[in-house]
Each structure stands twice: as structure tokens, then as C-alpha cells.
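A structural walkthrough
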Amino acid sequence: MILFYAPGASSLAPHILLHATGRPFSLEKVDLMTKRWSGGDFNLINPKSYVPVLQVESGQLLTECSVILQFIADCVPEQALLPPPGTPERYDALQWLSFLAMEVQKNFITPERHGGVSANFLAKTQAGQHATRQLVSPRLDYLNQQLANRAYLLGDRFSAADAYLFMLLTWARRLAIDLAPWNHLSQYFAKIGAHAAVRQALEIEGPPHSLRTTD
Ligand SMILES: N[C@@H](CCC(=O)N[C@@H](CS)C(=O)NCC(=O)O)C(=O)O
């Protein structure tokens, strides 16, 4: 399997999950400003022009973070990184993945365009960062409430949903959103951040692009 990624982008979530599987995979770094990778034009890999993309053994190119996470988890059913397909627990997990994609991630992504691209997908202007905080805060309230009585999003063990939420919380940190008032969420962020798979992925990716404010 090959994961097309950009440091600190949403591709960090499948990157973490791939490490959690312990299975071999390789990485291809994408420059989101130029939309180039070592093989040339990234838009030929994903005409939607964004990461993550997972190329699976058959050659199929999968896009959409929540789908890629499911594919990776289903490659190792014995590790229970998601509940089995068709079960009530799986639908519970799918609600989380959809919530994280549509309610949390989408509200982090800025409508700002710098030089015609959104490669700096997090707001760079102070006004944009303020707007992001306004949109994201109610979702963080909900997550904090849910984490009051469970160790992980799906209960008592690490899952694909945690890889996704951890990635999103790194975006909160980059936007200088102080998680301290959401005490369950900030403890959760520290706990997930200590997982070996998370540490490995962060070390390999290195620092994400900086968010210089422009106003
Ligand atoms: N719907 C996609 C969104 C992916 C996405 O927003 N990717 C961002 C990085 S987090 C990206 O590559 N943006 C590049 C661009 O828009 O120019 C998913 O869920 O995977």
C-alpha cells in the first residue's frame, strides 16, 4: 500500500493507522502548493487535488479520509481497529467518522485561498483563524462531553476514529486553540499522542507548514 500524504495534513490520520497495523506500507510526499510528487503531477493521482490518497495492492486509488481509514482497519480485522462491518457497533463507528469528517474537519478547512490554492488548508489570517475557532468550538464541546466517560471514542480501546480525532486536534493546536478548557479532550489528546503509532507518524512527517498570519 502507498499513502500519498503532506506533513500535518489529514493524511496524518491514515498514516497513524497504518503504523498501528504493523503491516508494511510506503509513503509518497505531495507538495500541496505545486501539486507535485516524485512521480509528477499529483492531480493525475487524485483529480480532486487533495490528500490523503491510498493506493492499495490492486492498484485502486482510494480517496476520502474516512473511507481510507475503514479500508486500513478492515485489512487487519483481528486488530479490531474498527468493529466488524454490518454490526451495530460498526454503524456507531461510522457516525463518528462522518461527524469528524463533516462537522469537525470541514469546519477547520478555511475558505481562504492563497495564490489560488488552499494548500495552506488552515486559516492564515487572524480573521480566518477567529472564524475557524467559532465554528469548531461547539464541536469540541460535544467531543469533550462524550469523552467524559470513555477512554477512547469507541469505548475502551484505540480505533481508527482516534487516529482521525488526534489529527484534528493537532490542527487545533496549530491554530493556537487552547484545549485546556476542554479538560477531557486535552487529556485525551495527550494520551493518544503517547501511542507508538502516533509518535512514529509524527516523527516521519516532521513539522507541518507554518501558519503565518497575514493581517
Ligand atoms: N474530503 C477530503 C478532504 C481532504 C482535504 O481537505 N485535504 C487537504 C489537506 S487536509 C488538502 O489536501 N488540500 C489541498 C488543497 O485543497 O489544495 C477527505 O475527507 O479526505
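Residues numbered from 1 in each chain as written. Predicted model: local features only at pLDDT ≥ 70, side-chain atom pairs only at ≥ 80, totals over all residues. Heavy atoms only, no water.

Overview of the pattern of salt bridges
Across all of its chains, the model carries four salt bridges by this definition. One salt bridge in this structure joins arginine 23 and glutamate 78, with 3.4 Å as the shortest N-O distance. With arginine 23 in the loop between α1 (12–21) and β2 (26–29) and glutamate 78 in the loop between α2 (65–75) and α3 (88–108), this residue pair connects regions lying 55 residues apart in the sequence. Aspartate 74 is the salt-bridge partner of arginine 90, the closest N and O atoms lying 2.8 Å from each other. In this pair, arginine 90 is assigned in helix α3 and aspartate 74 in helix α2, connecting sequence segments 16 residues apart. (Salt bridge = Lys/Arg side-chain N within 4 Å of Asp/Glu carboxyl O. Helix = DSSP H or I, 4+ residues; strand = E, 2+ residues; numbered from the N terminus.)

Description of the packing of α3 against helix α5 (residues 160–174)
Geometrically, a packed helix pair is captured by the angle between its two axes and the distance between the axes. Orientation of α3 relative to α5, taken along the N-to-C sense of each, is 10°, at an axis distance of 10 Å. When the axes of α3 and α5 are compared, the pair comes out roughly parallel. Both α3 and α5 take part in a crossing whose hand is left-handed. Residues Trp96, Leu97, Leu100, Ala101, Val104, Gln105 and Phe108 of α3 touch α5, and the partners they reach there are Ala160, Ala161, Tyr164, Leu165, Met167, Leu168, Trp171 and Ala172. Broken down by class, the residue content of the contact of α3 with α5 amounts to 14 nonpolar, one polar and no charged. (Axes fitted to C-alpha atoms, helices over the stretch in contact; angles between N-to-C directions. Parallel < 35°, antiparallel > 145°, perpendicular 65-115°, else oblique. Left-handed = near helix turned anticlockwise from the far one by under 90°. Contact = heavy atoms within 4.5 Å. Nonpolar A, V, L, I, M, F, W, Y, C, P; charged D, E, K, R; others polar.)

Quick notes on helix α7 (residues 196–205)
Within the span of α7, buried status applies to Ala197, Val198, Ala201 and Glu205. Viewed end-on, α7 has its buried residues packed into an arc of 100°, placing them on one side of the element. Directly after α7, the chain includes glycine 206, whose backbone phi takes a positive value near 70°. (Buried < 20%, exposed > 50% of the residue type's maximum accessible area, 1.4 Å probe, protein only. Arc of directions from axis to C-beta.)

Things to note about the domain arrangement of the chain
Assigned domains within the chain: domain 1 (2–78) and domain 2 (82–195). Every contact between the two is made by 16 residues of domain 1 and, on the other side, 19 residues of domain 2. Regarding the contact of domain 1 and domain 2, the summed buried area is about 1400 Å², with carbon and sulfur atoms giving 72% of it. If you sort the residues of domain 1 by the area they bury against domain 2, Ile16, Met33 and Gln70 come out on top, with a joint share of 26%. Where domain 1 meets domain 2, there are one salt bridge. Taken together, domain 1 and domain 2 are joined by four residue pairs in polar contact (both at pLDDT 80 or more). Counting residues per element, the side of domain 1 that touches domain 2 draws most heavily on α2, at six residues. Within the side of domain 1 that touches domain 2, the residues separate by chemical class into eleven nonpolar, four polar and one charged. (Domains from an automatic or database assignment. Buried area = accessible area lost by both parts, 1.4 Å probe. Polar contact = N/O pair within 3.5 Å; in protein donor to acceptor, adjacent residues only side chain to side chain.)

Some details on the pairing of β2
For strand β1 (residues 2–5) and β2, the ladder comprises four bridges, and the chain directions are parallel. By the bridge assignment for β2, isoleucine 2 is matched with serine 26. Regarding the hand of the β-α-β motif, the stretch spanning β1, α1 and β2 is right-handed. (Pairing = 2+ DSSP bridges. Right-handed = clockwise from strand over helix to strand, strands pointing away.)

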